[in-house]
Amino acid sequence: MLGLDVTVIVIVVIAILLLFSGIKTVPQGFAFTVERFGRYTKTLTPGLNIIVPFIDRIGRKINIMEQVLDIPTQEVITRDNASVAADAVSFYQVLNAAEAAYQVSNLEQALLNLTMTNIRSVMGSMDLDELLSNRDAINDRLLKVVDQAAAPWGIKITRVEIKDIAPPVDLVEAMGRQMKAEREKRADILEAEGSRNSQILRAEGAKQSAILEAEGRRDAAFRDAEARERLAEAEAKATQMMSVAIAEGDTSAINYFVAQKYTEALGQIASAPNQKVILMPLEASSLIGSLGGIGAIAQEVFGKDGGNGSATQKRVPGQPPRTSTTPGYSATPKGDEDT
């Protein structure tokens, strides 16, 4: 009985050891490959897995999380023979653990060399200006090329980013001078365009001003012509009425007309700015006749005096009494031209 008990205990211990050796726990974010007699059989996913003890064993432990690969700085010669220093960073993820374990040796080193080679190839096919201004295009081309090359290894390249592109110092200075010259050129062009637009606007303003001035003169001429036309019509009407009055024998209207014209003529002569003394030929009979006409008008306006029927003449205050003179010339100072 003692020997049987020992045998049972040994069998139980061996069974427990076999059980524990066949149970494998895979952590999250990893995948384990299983090899049977050195040959790949399957891949263990995260969690609890069972393998055949002493026959199957764990081959490779592969990290299936997205990982970052730092690309060191390297010299790149562009298409226009400019030397620049470029460094980058790459992100990748293992999609097939078996291929990543058995299709390539030293996966990270392979990805590093592959990325550096393609950086030199892609950047070397571009000019310096294109290289500095199209970094997104470079990243897209690198991602496409490297991902296609790493696909047989079960790797997915998720992103390739150029961190920095450093041209030589003398090249940076030359680019600075070029940028300054380009900006000065733009400033000169903008200044010239502004001056041209200003001249165009001033010319347009002068044109509009001339048009408005011409329209103003035209309107003024029309109004002057209309005023002269109405004045002519008024004079014609007055002449017509005078002609009717003459035809009907109305002497008061005739005398009023003559007196008005005579007074206007004297006013025009007296208003001359370049004369101080005026010599006027006077005819006594004509002047008396005109004064008589004025007296007749005054008689009709103010009425007759007393019972003798003679017109009452009123002398304007401040005006000397009129006296008759003999025919000839009379010298009258400009200040006394109303006498």
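Refer to the structure above for everything that follows.
Parameters at a glance
Residues numbered from 1 in each chain as written. Predicted model: local features only at pLDDT ≥ 70, side-chain atom pairs only at ≥ 80, totals over all residues. Heavy atoms only, no water. Helix = DSSP H or I, 4+ residues; strand = E, 2+ residues; numbered from the N terminus. Buried < 20%, exposed > 50% of the residue type's maximum accessible area, 1.4 Å probe, protein only. Contact = heavy atoms within 4.5 Å. Areas by Shrake-Rupley, 256 points an atom, 1.4 Å probe, with all protein chains shown as cover. Pairing = 2+ DSSP bridges. Axes fitted to C-alpha atoms, helices over the stretch in contact; angles between N-to-C directions. Core = buried A, V, L, I, M, F, W, Y, C linked by side-chain atoms within 4.5 Å. Parallel < 35°, antiparallel > 145°, perpendicular 65-115°, else oblique. Left-handed = near helix turned anticlockwise from the far one by under 90°. Nonpolar A, V, L, I, M, F, W, Y, C, P; charged D, E, K, R; others polar. Polar contact = N/O pair within 3.5 Å; in protein donor to acceptor, adjacent residues only side chain to side chain. Patch = residues over 30% accessible without salt bridge, like charges linked within 9 Å, V, L, I, M, F, W, Y side chains within 5 Å. Salt bridge = Lys/Arg side-chain N within 4 Å of Asp/Glu carboxyl O. Expected span 1.5 Å × (residues − 1). Arc of directions from axis to C-beta.

### Remarks on the overall build of the protein
Each helix and strand in the protein was counted, giving eight helices and 10 strands. The buried share of the protein, reckoned over its 339 residues, is 23%. Considering only intrachain contacts with a sequence separation of at least 6, the fraction spanning at least 24 residues in the protein is 63%. When the accessible surface of the protein is split by element, carbon and sulfur atoms take 57% of a total near 23,500 Å².

### Here's the deal with the pairing of strand E7 (residues 83–94)
With nine of its 12 residues buried, E7 lies for the most part within the structure. The sheet contact formed by strand E6 (residues 67–77) and E7 spans nine bridges and is antiparallel. In the strand pairing of E7, Gln74 is matched with Ala86. In textbook terms, the turn of a hairpin is the stretch between consecutive antiparallel strands, and for E6 and E7 this stretch comprises five residues, one of which, Asn81, has a positive phi near 65°. Pairing between E7 and strand E8 (residues 155–166): 10 bridges, direction antiparallel. The residue bridging Ala86 from the neighbouring strand is Ile165, located in E8.

### Quick word on the sheet that holds strand E5 (residues 56–63)
Strand pairing in a sheet takes place through backbone hydrogen bonds and is either antiparallel or parallel in direction. Across the sheet, three strands lie side by side as E3-E2-E5; this open sheet has antiparallel pairing. With one partner strand each, in any of the chains shown, strand E3 (39–44) and E5 form the two edges of the open sheet. Pairs of neighbouring strands in the sheet enclose a mean axial angle of 30°, with direction left out of account. Relative to E5, strand E2 (residues 30–36) is paired through six bridges, and the arrangement is antiparallel. Bridge pairing links Phe30 to Asn63 in E5.

### Considering the sheet that holds E7
Spatially, the three strands line up as an open sheet ordered E6-E7-E8, and their pairing is antiparallel. Edge strands, defined here as strands with exactly one partner in the open sheet, are E6 and E8. Mean inter-strand twist for the sheet, computed between neighbouring axes without regard to direction, equals 20°. Set on the sheet, helix H3 (residues 107–124) makes contact with E6, E7 and E8; between it and E6 the angle comes to about 40°.

### Describing the nonpolar core
Counting residues in hydrophobic clusters, the biggest one holds 37 residues, and the most contacted among them are Leu107, Leu111, Met123, Trp153 and Ile155. Elements supplying a minimum of two residues to this core: E6, E7, helix H2 (97–102), H3, helix H4 (128–133), helix H5 (135–150) and E8. Ranked by residue count, the leading element in this core is H3, at nine residues. Once residues within four sequence positions are removed from consideration, Leu107 is found in contact with Tyr92, Val94, Ala100, Trp153 and Ile155. Phe32, Val34, Ile51 and Ile58 belong to the second-largest nonpolar core, a separate cluster that totals six residues.

### Looking at the packing of H3 against H5
Across the interface, H3 lies against H5 with an axial gap of 10 Å and an inter-helix angle of 140°. Relative to H5, the element H3 lies oblique. As for the relative orientation of H3 and H5, their crossing is right-handed in sense. Between H3, through Leu111, Leu114, Thr115, Asn118, Ile119, Val122 and Met123, and H5, the contact on the second element is made entirely by Ile138, Arg141, Leu142, Val145, Val146, Ala149 and Ala150. Residue composition of the contact of H3 with H5, by class: 11 nonpolar, two polar and one charged.

### Description of the side chain of Asp147
Locating Asp147 in the fold gives a position in helix H5. In this structure Asp147 comes out as buried when scored by relative accessible area, which is 18%. Here Lys156 takes part through its side chain, which lies 3.4 Å from a polar atom of the side chain of Asp147.

### What about a nonpolar patch on the surface?
Nonpolar side chains collect at one region of the surface, where Val6, Val10, Ile14, Leu18, Phe37, Val52, Phe54 and Ile55 lie side by side and expose about 770 Å² of accessible area between them. Here Val52 is to be found in the loop between strand E4 (47–50) and E5. You can call Val52 partly exposed: its relative accessible area is 34%.

### Considerations on H5
Spanning 16 residues, H5 covers 22 Å between terminal C-alpha atoms, matching the ideal 22 Å at 1.5 Å per step. For H5, the set of buried residues is Ile138, Asn139, Leu142, Val146, Asp147 and Ala150. For H5, the arc enclosing every buried residue in end-on projection is 145°, short of the 170-degree limit, so these residues lie on one face. Across from the buried face of H5, at angles greater than 90 degrees, the exposed residues are Asp140, Lys144 and Gln148. The inward-facing, buried residues of H5 contact H3, H4 and E8.

### Overview of the pattern of salt bridges
Taken as a whole and judged by the stated rule, the model has 10 salt bridges. Measuring nitrogen to oxygen at the nearest pair gives 2.9 Å for the salt bridge that ties Arg57 to Glu35. In this pair, Arg57 sits in strand E5 while Glu35 sits in strand E2, placing the two residues 22 residues apart along the sequence. Of the residues examined, Arg57 reaches a relative accessible area of 48% and is grouped as partly exposed. With a relative accessible area of 8%, Glu35 lands in the buried category. Note that Arg79 is salt-bridged to Asp127, the shortest N-O span being 3.1 Å.

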